[in-house]
Amino acid sequence: MRTVAKAVADRGSVLHTVTAIAGDGTVAGFTDVVVPADGTGDGHGSGTAVLATHRGHGLALWMKAESIRLVRARHPELCPGC
Ligand SMILES: CC(C)(COP(=O)(O)OP(=O)(O)OC[C@H]1O[C@@H](n2cnc3c(N)ncnc32)[C@H](O)[C@@H]1OP(=O)(O)O)[C@@H](O)C(=O)NCCC(=O)NCCS
């Protein structure tokens, strides 16, 4: 994730990642949104995955919802009218 975040930063954008952590401390899933560095224009979903053993419990839905909430709070000028 850090490697991808750096590659995105090198292209002039910001990668926002929400990660779901299982009870044993391992990563159960993640979702990404890429935002232009100046926080204007459109963001776009980059990737979403949930480990097979954690699927079907709403994790992707909750991570997506949290991702949208965080990105809109951090970049209020993003995607006007969305
Ligand atoms: C797609 C994926 C992220 C879903 O994760 P998940 O935590 O099991 O999903 P959720 O439990 O939050 O499901 C939320 C809703 O999406 C639906 N859904 C889940 N996977 C789906 C799929 N592959 N296609 C269509 N709908 C799907 C669920 O049925 C659920 O709808 P419902 O509330 O009406 O029942 C997971 O299956 C995965 O990691 N797949 C491999 C990677 C991938 O395809 N990523 C997406 C492209 S980047």
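Quick notes on the rules
Residues numbered from 1 in each chain as written. Predicted model: local features only at pLDDT ≥ 70, side-chain atom pairs only at ≥ 80, totals over all residues. Heavy atoms only, no water. Buried < 20%, exposed > 50% of the residue type's maximum accessible area, 1.4 Å probe, protein only. Helix = DSSP H or I, 4+ residues; strand = E, 2+ residues; numbered from the N terminus. Pairing = 2+ DSSP bridges. Near = heavy atom within 4 Å. Polar contact = N/O pair within 3.5 Å; in protein donor to acceptor, adjacent residues only side chain to side chain. Areas by Shrake-Rupley, 256 points an atom, 1.4 Å probe, with all protein chains shown as cover. Nonpolar A, V, L, I, M, F, W, Y, C, P; charged D, E, K, R; others polar. Axes fitted to C-alpha atoms, helices over the stretch in contact; angles between N-to-C directions. Contact = heavy atoms within 4.5 Å.

Caption draft 1: Seen up close, the pairing of strand β2 (residues 27–36). Burial of β2 is extensive: seven of the ten residues sit out of reach of the surface. Summarising the sheet, strand β1 (residues 13–21) and β2 pair through nine bridges and their orientation is antiparallel. For Val 14, the partnering residue across the bridge sits in β2 and is Val 35. Joining the antiparallel neighbours β1 and β2 is a turn of five residues, in which Gly 25 adopts a positive phi near 90°. Relative to strand β3 (residues 44–50), β2 is paired through five bridges, and the arrangement is antiparallel. Residue Val 33 lies in a different strand from β3, and its bridge partner there is Gly 45.

Caption draft 2: Structural view of the site of the ligand. The immediate surroundings of the ligand are formed by Thr 48, Ala 49, Val 50, Arg 55, Gly 56, His 57, Gly 58, Leu 59, Ala 60 and Leu 61. Within the backbone of Thr 48, one N or O atom sits 2.7 Å away from a nitrogen atom of the ligand. In the model, an oxygen atom of the ligand is placed 3.0 Å from a nitrogen or oxygen of the Ala 60 main chain. Contact with the protein chains removes 38% of the 900 Å² of surface that the ligand exposes when unbound. Elements with a minimum of two residues in the shell around the ligand: β3 and α2 (59–74). Considered class by class, the residues forming the shell around the ligand number five nonpolar, four polar and one charged.

Caption draft 3: Region of interest: the sheet that holds β1. Pairing is antiparallel across the open sheet formed by three strands, whose spatial order is β1-β2-β3. On the outer flanks of this sheet lie β1 and β3, each paired with one strand and no other. Along the sheet, successive strands turn relative to each other by an average axial angle of 10°, direction set aside. Relative to the sheet, helix α1 (residues 2–10) contacts β1 and β2, its axis offset from that of β1 by approximately 160°.

The quantities given are spatial measurements derived from coordinates; they are silent on function.
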